[in-house]
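Inside the fold
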Amino acid sequence: MANADIFQIRTEEAPKLAAPISTSGVIGWMRQNLFSSISNTVLTVIGILIAYSLIMPFIQFAIIDAVWTGDDRTACLAVEGAGHAGACWAYVIDYLPQFIYGRYPTEEIYRVNIVYALFVLLLVPLLMPSAPYKGINALLFLVVFPIISYFLLTGLEFGDTVVLPIVETARWGGLLVTLVIAVTGIVASLPLGIALALGRRSNMPIIKMVSVIFIEFWRGVPLITVLFMSSVMLPLFLPEGVTFDKLLRVLIGVTLFSAAYMAEVVRGGLQAIPKGQYEGAMALGLRFWQMMGLIILPQALKLVIPGIVNTFIGLFKDTTLVLIVGMFDLLGQIQSSFSDPNWSTPTQGHTGYLFAAIVFFIFCFGMSRYSIFMENKLHTGHKR
């Protein structure tokens, strides 16, 4: 009897087995990315040692040995024979109102708090893709909010009737000045940069020449020079008796400077759009602004989201340069507090700069993470 092949046909799906622990989860990720070869293992170990040597002293200074409560410098002085003291967070807590509001009158601080609250309440739903009434929200944030904020922060008077006491911008400071300059520069530089980018690619010689001259001039001048010119030199060229508020001059200079860089970022996005998109839009009979607003710009801006946000982050950090023209932003307010003998300790400067670094990191990291979120949400297969 010949041997017959025996076949077995499975009628049910085989049970699914869990992946080996060495290829999944945290262990699998570490094995694949950190210990996949001898050279990677050596580099990983060296990296861990370097990170440990840097992070542990930081934790020791900022948390373990830190002083959290106290009324003056004596609380933050190192005990004799115990080495150096840690961060003096008691000093930061004591100066926190000045770091946030500057020299804004204490009895009027509620006005700044209202502006902060309105800013958050209008910005958060605007950043949420699924939030309803985007048009109304954008109108409130871009038009109504700046007007309300202006009168809340500066004051409002009708003849002899004082609705809100006037507060000179010279008394503003701290985080308030940082946010005013950064938000104004960001909101104003984007549309101006888009207009300059379109002008530089225009077929009309005069518009193209004006846009090129504007962009190259502002990109060729350091921001510190722009601030000096707007604060020191500009009043010399104005007619006698004509003056501009120093903060307004800084806002204009920062906006124009940032718009030039924004224009080049947007121009890169416009150049990345295939020529067929332009031809298709023209074949549909769309006029120039319809083509740009409905087809070209949405694609171009989506492609350059990282560059746009990178410019925003750079602008936010560049606000610290206003200290050189006598305006005390967050970093300037921290530096001015170093002259207070009541909190003068060897760790005061380290603590103040660490606090500034934490605040700037929170804002800049938040912007970068949101840009990644929007980039992943909007991309349509162009990423590899």
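Residues numbered from 1 in each chain as written. Predicted model: local features only at pLDDT ≥ 70, side-chain atom pairs only at ≥ 80, totals over all residues. Heavy atoms only, no water.

**Here's the deal with the overall build of the chain**
Helices and strands together make up the secondary structure of the chain, namely 14 helices and two strands. Against the compact-globule benchmark of 21 Å for 384 residues, the chain has a radius of gyration of 28 Å, which places it well outside the compact range. Split into buried and exposed, the 384 residues of the chain put 35% on the buried side. Put simply, 67% of the contacts in the chain that link residues at least 6 apart link residues at least 24 apart. In the structure as shown, the chain presents an accessible area of about 23,600 Å², 68% of it carried by carbon and sulfur atoms. Taking the average place of the 23 positive charges on the side chains of the chain and the average place of its 22 negative ones, the gap between the two points comes to 16 Å. (Helix = DSSP H or I, 4+ residues; strand = E, 2+ residues; numbered from the N terminus. Rg over C-alpha atoms; globule rule 2.2 N^0.38 Å. Buried < 20%, exposed > 50% of the residue type's maximum accessible area, 1.4 Å probe, protein only. Contact = heavy atoms within 4.5 Å. Areas by Shrake-Rupley, 256 points an atom, 1.4 Å probe, with all protein chains shown as cover. Lys, Arg positive; Asp, Glu negative; His and termini not counted. Charge placed at Lys NZ, Arg CZ, Asp CG, Glu CD.)

**Re the UniProt feature "transmembrane region" (unreviewed entry) in the chain**
Under the UniProt annotation, "transmembrane region" (unreviewed entry) lies at residues 41-64, 109-128, 135-153, 173-199, 220-238, 250-270 and 352-372. Across residues 135-153, the secondary structure splits into 100% helix and 0% strand, with the terminal C-alpha atoms separated by 26 Å. (UniProt positions renumbered as here; feature names shortened; annotations may be inferred.)

**As for the state of the cysteines**
Simply put, disulfide is the name for a covalent bond between the sulfur atoms of two cysteines. What the rule picks out here adds up to one disulfide. Note on cysteine connectivity: Cys76 is disulfide-linked to Cys88, with sulfurs 1.8 Å apart. Here the disulfide of Cys76 and Cys88 is right-handed, its torsion about the S-S bond being about 65°. Here Cys76, found in the loop between helix H2 (38-64) and helix H3 (89-101), pairs with Cys88, found in the loop between H2 and H3; they are twelve residues apart in sequence, far enough to count as distant. (Disulfide = S-S within 2.5 Å.)

**What about the packing of helix H6 (residues 175-200) against helix H14 (residues 348-378)?**
Direction vectors running N to C along H6 and H14 enclose 25°, while the axes themselves pass 13 Å from each other. Considering their axes alone, H6 and H14 lie roughly parallel with respect to each other. Helix-helix and strand crossings are classified by hand; for H6 and H14 the assignment is right-handed. Contacts between H6 and H14 involve Leu175, Thr178, Leu179 and Ile186 from the former and Val359, Phe360, Phe363 and Met367 from the latter. Of the residues in the contact of H6 with H14, the class split is seven nonpolar, one polar and no charged. (Axes fitted to C-alpha atoms, helices over the stretch in contact; angles between N-to-C directions. Parallel < 35°, antiparallel > 145°, perpendicular 65-115°, else oblique. Left-handed = near helix turned anticlockwise from the far one by under 90°. Nonpolar A, V, L, I, M, F, W, Y, C, P; charged D, E, K, R; others polar.)

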